[in-house]
Amino acid sequence: MRRWWAGAAIVASLCLGVGVFVARSTPRSPLPEGFAEKTAERLEVVDGPGPETAPPEGALNVVLVIACTLRKDQTPLHDPDLDTMPFLRSLADRGAQLEDLITAAPWTKAASTAILTSRHALEVGMVEPGPRRNERVLPTEVLTLAERFRRAGYRTVGGTANPNLHSTYGFQRGFQRYWEPRRDWHGTGGVKLPGRGIAELVVTELDGGEADRPYYLQVLFVDAHAPFPPAAPAADGVPQLVADYRHGLARLDEAIAYLAGQLDERGLLHNTLFVVVNDHGEGLLHPASHGKSHGRYLSPSTVGGVGVFAGPGIPAGHRVEGVASQVDLSPTIWRLAGLPPQEDFGGQDLSAAVRGETPRTSRERAYTDTWFRKVNRGAFYEDGRACQLAEDQGLTDRNGVTFVPGCFDRHDDPDHLRPSPEPEALASLAAWRRSAIARGTSFVVGRSEASEGLDQQLEALGYVD
């Protein structure tokens, strides 16, 4: 069988040359003895039903990596001089990249809702009004991307290192096998689950499966999430917090590369769409006006999106201009996989732009929103401006960073330092939020059961005060 990454000329004209960059970027040595087993001890498996129908003719395999807390401007996708994520850069060089993707929220649960359902969390009742933490369960009426692929005849395997995508909240739906943090977790082995260990486990689930069926593999890695692994002393001009974060990015890149390498060794990258997106970014007090972490902020550092696509039919080195939203990712992935359109997606299908068939996206505005404990804020991003508002009163956080309502020139004022009052723009943003919240009330939304182990994990990752 001729692999679809063999040959530089074919790579340049047709698809991603996985074999080329896997060989250069993937840790080729096996995991340390017992590494995957120790990771497995901190995870549990949820089983679900298998495919419902015969697979479609000619459909691609799909790999979706959700990279938690990946800040775009700290990668070579934004700054070619940075060497934080060489594998991701190789992937983008051999595929397409969304240049102006805006995340639907600056924290994992809400952003992943948008990625996987094609709807904002507000629109499906997945926000938690008030100061308490979000315990909402994904409504069963809202299809996940995994459910769609399973119904289309795909094998479906998933895993998450972030408890916000736990089955407790409904994110296991659609998967035949889903690896997730244990409910009785008590901090054994550290706060974060290593991406390479999870990659090993989820790929192993494809061994011995139905080879005649395409697969959908989805995994969320937290290697770049705080707490960051300590790095060497920062170079001149680089704050130590940023240096530590970049160390986390390097581990994240290794995990993504390891996942690709394991699929490669099994011959499972043939005829595959490989997608890497982030859920949100990170403030890092860099600049100080963007805050230290995420969740509360709607600045470019926290809502700047990463969207990299590589596979058959996607031109190498393609950069997709124009605004895009995370709600566009599911319909775009679906169509890039070769599947027929489905009318019930909430976002736009950007597959023609990703393939280079149209010059840019057609979206004029992307919304982002956060209802995170005491914070209740929204924003929109257009080509030239960003506008944000707050419906909470605590605008200054514990680090002295103040959220400033208003509109900002994205080109001349990317750090959101010089707001201009634009009442009509802010009124339209407020109206969108009211409409989205009203739509969300039409869904039956459950609440998760309390779990001491999950509470401890969420607290360790900063989601619970």
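Notes on the structure in this doc start here. Keep in mind that this is a model prediction, so the values were computed, not measured.

A count of helices and strands for the protein gives 13 helices and 16 strands. A globule of 465 residues ought to have a C-alpha radius of gyration of about 23 Å, and the protein, at 21 Å, matches this closely. If you line up the protein on its principal axes, its C-alpha atoms span 60 × 50 × 50 Å. Residue burial in the protein is summarised as follows: out of 465 residues, 58% are buried.

So, about the layout of surface pockets. Considered as a void within the structure, the largest pocket measures approximately 860 Å³ in volume. Along its surface, the largest pocket is lined by 41 residues, and Ser293, His294, Arg296, Tyr297 and Asp397 are the ones closest to its centre. Of the voids in this model, the second largest pocket is the one considered here, and its volume is about 610 Å³. Looking at the second largest pocket, it is lined by 22 residues, and the ones nearest its centre are His78, Glu99, Asp100, Pro300 and Arg410. Among the secondary structure elements, those contributing two or more residues to the lining of the second largest pocket are strand S3 (96-102), helix H9 (300-303), strand S9 (304-305) and strand S11 (318-325). Considering every element that reaches the lining of the second largest pocket, the biggest residue donor is S3, with 4 residues. Residues belonging to the lining of the second largest pocket are distributed by class as follows: 5 nonpolar, 8 polar and 9 charged.

The subject of this paragraph is the state of the cysteines. Disulfide: a covalent bond connecting the sulfur atoms of a pair of cysteines. Inspection of every chain in the model, using the stated rule, returns 1 disulfide. The residue that forms a disulfide with Cys387 is Cys407, at a sulfur-sulfur distance of 2.1 Å. Its S-S torsion of approximately 110° makes the covalent link between Cys387 and Cys407 right-handed. Placement of Cys387 in strand S14 (residues 385-390) and of Cys407 in strand S15 (residues 406-409) is noted, with a sequence separation of 20 residues between them. For the pair formed by Cys387 and Cys407, the shared burial category is buried.

So, on to the pairing of S11. Taking burial as the measure, the 8 residues of S11 include 6 buried ones, the bulk of the element. Note that S3 and S11 share 6 bridges and pair parallel. Pairing of Ile102 across the sheet is with Ser325, part of S11.

This part takes up the environment of Gly197. If you trace the backbone, Gly197 turns up in helix H7 (residues 195-204). Remark: the alpha-carbon pair of Gly197 and Leu259, spanning 62 residues in sequence, is separated by 9.5 Å. Setting aside anything within four residues of it in sequence, one finds Gly197 in contact with Leu31, Phe35 and Thr39.

On to empty space enclosed by the protein. In the structure shown here, the tally under the stated rule is 4 cavities of 30 Å³ or more. The calculated volume of the largest cavity comes to roughly 100 Å³. Lining the largest cavity are 13 residues, with Trp107, Arg133, Asn134, Phe372 and Tyr463 positioned closest to its centre. For the lining of the largest cavity, a count of residues per class yields 7 nonpolar, 2 polar and 4 charged. Volume-wise, the second largest cavity comes out at about 70 Å³.

This paragraph deals with the packing of helix H4 (residues 86-93) against helix H8 (residues 240-265). Relative orientation of the contacting elements H4 and H8 amounts to 55°, with a least axis distance of 7 Å. Taken together, the axes of H4 and H8 are oblique relative to one another. In this structure, H4 contributes Pro86, Phe87 and Leu88 to the contact, and H8 contributes Asp253, Ile256, Ala257 and Ala260. Considered class by class, the residues forming the contact of H4 with H8 number 6 nonpolar, no polar and 1 charged.

What counts, and where the lines are drawn
Residues numbered from 1 in each chain as written. Predicted model: local features only at pLDDT ≥ 70, side-chain atom pairs only at ≥ 80, totals over all residues. Heavy atoms only, no water. Helix = DSSP H or I, 4+ residues; strand = E, 2+ residues; numbered from the N terminus. Rg over C-alpha atoms; globule rule 2.2 N^0.38 Å. Buried < 20%, exposed > 50% of the residue type's maximum accessible area, 1.4 Å probe, protein only. 1 Å grid on protein atoms, 1.4 Å probe; cavity = no way out; pocket = protein on both sides within 12 Å on 5 of 7 lines; lining within 4 Å. Points joined across faces, edges and corners; volume = space filled by probe spheres on them. Nonpolar A, V, L, I, M, F, W, Y, C, P; charged D, E, K, R; others polar. Disulfide = S-S within 2.5 Å. Pairing = 2+ DSSP bridges. Contact = heavy atoms within 4.5 Å. Axes fitted to C-alpha atoms, helices over the stretch in contact; angles between N-to-C directions. Parallel < 35°, antiparallel > 145°, perpendicular 65-115°, else oblique.

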